[in-house]
Amino acid sequence: MQSHRQMQMSTQHVVEPFYIDPIIGSTVYHTGTVDVSQQRYTTSLFSTTSGLGFAMFLDFERGVHCLIRMYKYLFARKSMKKITCRFEQTTWPFWVHDDGDYLSRKLQSKTHGGPGTWEPTHSRAVINNLRVGDVAIDLGANMGWYTHLMSQTVGPHGRVIALEPNRDNFRVLQANQDLNAWHNVTLCEQAAGLTKGRLWLSEPKNTNHGDSRIYHPGDSHDRRYEIEVIDIDSLLSQLEIDATSVRFVKMDCQGAEPHILGGMQRTLSQMTVGSAILMEIWPESWSQQPNIDIEQVFAPLQDHWRITNDDMVTAQSWTDFMARVSVHFHSSRHVLRGWDVLLTRV
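If you're wondering where the values come from, they're calculated on a predicted model, not measured in any experiment.

Analysis parameters
- Per chain, residue numbering runs from 1 following the sequence as it is written.
- Per-residue local features are limited, in this predicted model, to residues with pLDDT of at least 70; the limit for side-chain atom pairs, both in listing and counting, is 80 or more; totals at the level of whole chains, interfaces and linings are taken over all residues.
- Water and hydrogen atoms were dropped before computing side-chain values, which therefore reflect all heavy atoms in the structure.
- Note on conventions: DSSP H or I runs of at least 4 residues are helices, E runs of at least 2 residues are strands, and numbering of each starts at the N terminus.
- Relative accessible area decides the class of each residue, using a 1.4 Å probe on protein chains only: under 20% of the type maximum gives buried, over 50% gives exposed, and in between gives partly exposed.
- Should any heavy atoms of two residues lie within 4.5 Å, those residues are counted as being in contact.
- Each accessible area value is a Shrake-Rupley result obtained with a 1.4 Å probe; residue values ignore everything except the protein chains displayed when judging cover.
- Expected span of a helix, by definition, is 1.5 Å for each gap between consecutive residues, and there is one gap fewer than residues.
- For two strands to pair, DSSP has to find at least two bridges joining them.
- The term nonpolar core refers to a set of buried residues drawn from Ala, Val, Leu, Ile, Met, Phe, Trp, Tyr and Cys, joined through side-chain atoms within 4.5 Å.
- Each Phe, Tyr or Trp ring (for Trp, its six-membered ring) is paired with any other whose centre lies within 6.5 Å, and the angle between the two planes then decides the class: stacked below 30 degrees, edge-to-face above 60, tilted in between.
- Only when the NZ atom of a Lys or the CZ atom of an Arg is both within 6 Å of the ring centre and within 35 degrees of the ring normal do we say a charge sits over the ring.
- Arc definition: directions from the helix axis to the C-beta atoms.

**Some thoughts on the overall build of the chain**
When helices and strands are tallied, the chain shows 12 helices and 18 strands. By residue count, 52% of the 346 residues in the chain fall in the buried class. Restricting the contact set of the chain to residue pairs at least 6 apart, pairs at least 24 apart contribute 68%. Approximately 16,500 Å² of the chain is accessible, and the part contributed by carbon and sulfur atoms is 52%.

**Brief notes about helix H6 (residues 167–180)**
Spacing of three or four residues puts side chains on the same side of an α-helix, whose turn is 3.6 residues. Here H6 contains 14 residues, and its C-alpha end-to-end distance of 20 Å stays within 8% of the 20 Å for a straight helix at 1.5 Å per residue. Most of H6 is tucked away, with 11 of its 14 residues classed as buried. The positive-phi residue at the C-terminal boundary of H6 is Ala-181, with phi of around 55°.

**As for the pairing of strand S18 (residues 339–345)**
Of all 7 residues in S18, 7 are buried, a share of seventy percent or more. With burial as the criterion, each face of S18 is covered, one bearing Trp-339, Val-341, Leu-343 and Arg-345 and the other bearing Asp-340, Leu-342 and Thr-344. Bridge count for strand S15 (residues 276–281) against S18 is 6 bridges, and the pairing is antiparallel. In the strand pairing of S18, Ile-281 is matched with Trp-339. Where strand S16 (residues 305–308) lies against S18, 4 bridges are found, and the strand directions are antiparallel. Bridge assignment links Ile-307 to a residue of S18, and that residue is Leu-343.

**Looking at the sheet that holds strand S13 (residues 223–230)**
By definition, the strands of a sheet pair up through backbone hydrogen bonds, in either a parallel or an antiparallel sense. The strand order across the open sheet built from 4 strands is S10-S13-S11-S12, with neighbouring strands paired in mixed fashion. In this open sheet, the two edge strands, each paired with only one partner strand, are strand S10 (191–192) and strand S12 (213–214). By the bridge criterion, 2 bridges tie S10 to S13 in an arrangement that is parallel. Looking at S13, one finds that Ala-192 is bridged to Ile-230.

**A short note on the nonpolar core**
Of all hydrophobic cores here, the largest spans 44 residues; its most connected members are Leu-139, Met-251, Phe-298 and Phe-321. Here the element with the most residues in this core is helix H12 (residues 318–330); it accounts for 5 residues. Ignoring any residue separated from it by four or fewer positions in sequence, one finds Phe-321 in contact with Ile-281, Phe-298, Ile-307, Gln-316, Trp-339 and Val-341.

**Some words on the environment of Met-271**
Counting through the fold element by element, Met-271 comes out in the loop between helix H9 (265–270) and S15. Note: C-alpha distance between Met-271 and Asp-242 (29 residues apart in sequence) is 9.3 Å. Setting aside chain neighbours within four positions, we find Met-271 in contact with Ala-243, Val-246, Arg-247, Val-249, Ala-276, Ile-277, Trp-305 and Arg-345.

**Some points on the packing of aromatic side chains**
Here the structure, examined in full by the defined rule, presents 6 aromatic pairs. Plain terms: the ring middles of Tyr-102 and Trp-118 are 6.5 Å apart, the flat faces sit at 85° to each other, and that makes the pair edge-to-face. Here Tyr-102, found in helix H3 (residues 102–107), pairs with Trp-118, found in the loop between H3 and helix H4 (120–128); they are 16 residues apart in sequence, far enough to count as distant. With a relative accessible area of 32%, Tyr-102 lands in the partly exposed category. Following the ring pairs from residue to residue traces out a cluster consisting of Trp-286, Phe-298, Trp-318 and Phe-321. When the ring centre of Tyr-225 is taken as reference, the NZ or CZ atom of Arg-167 above it lies at 3.7 Å.

**A few points about H12**
Across its 13 residues, H12 extends 18 Å between first and last C-alpha, which sits within 8% of the 18 Å expected from 1.5 Å per residue. If you check which residues of H12 are buried, you get Trp-318, Phe-321, Met-322, Val-325, His-328 and Phe-329. Taken down its axis, H12 places every buried residue within 135° of arc, on the same side. Exposed side of H12, more than 90 degrees from the buried face: Thr-319, Val-327 and His-330 are the residues found there. The inward-facing, buried residues of H12 contact S15, helix H10 (283–287), helix H11 (294–298), S16, strand S17 (315–316) and S18.

Here it is as structure tokens:
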């Protein structure tokens, strides 16, 4: 008969390694409840030689899943290209898509600060608002540009949580974690949202992998597939991260931002003075989704968060900001795709 303590421990709320990628060795985390008493979690052995490795699983279903990913990776490798990224005085190797993807092309062009550089103003805002030992969250991590900056800034005693639901982007994100030794980064193949569940991710007709978004009726994207969604409050609890240690959140999620804010109300209330949120504002997308009240979305932020403009420097009043959002939200002619703002806890 199990003791009281054994019974208490038989079912635990944990974050378990979902699998270890058999080629690059990056650990993918699946959050959930597992029955420890019946050992219904995967035990993995991993070894790697010259970048190749294998995983042995006690769980047959996940073993098959691992083999499928190995097959996909072997063939997908041809659609990846390694480039040199740079920001200010720092350079690092970086995998990108080699299929005409928008961000991959921009990283190799002379725009945005030169070849290998992306959004220098926003990148500097990320670094300026993080300290060694902080916790940072990258929502919509794409291939990992901001994940890398966060990882290097918070150092080995800090932590970065990166969420990316697009399976093609996530594969490249894994490769960049292995390439750049992001030992302080936890990758989650999930989308952030209002609550835990499953939704459909819609992918664009073009090759802009970063333009994937939660599917809504009338969406013109070519293909869609089911993904996991989790609210940030639940994710932090599962990862056993105190919200007061979260210093920075970057949020670029193609119109899902109102839902994400709704799912992180506890986190927002517990983040400390000086914490910051860099997020995309996209009223056109929000207006096409049901049940979004922009006044309700931003009301909880207005007492304790200061807002700055797209240049990350110029302060803006909440009154002016809400007026600007409202104009584009209610307009029948959407001439502005969106813009970014930096929110700072005061």
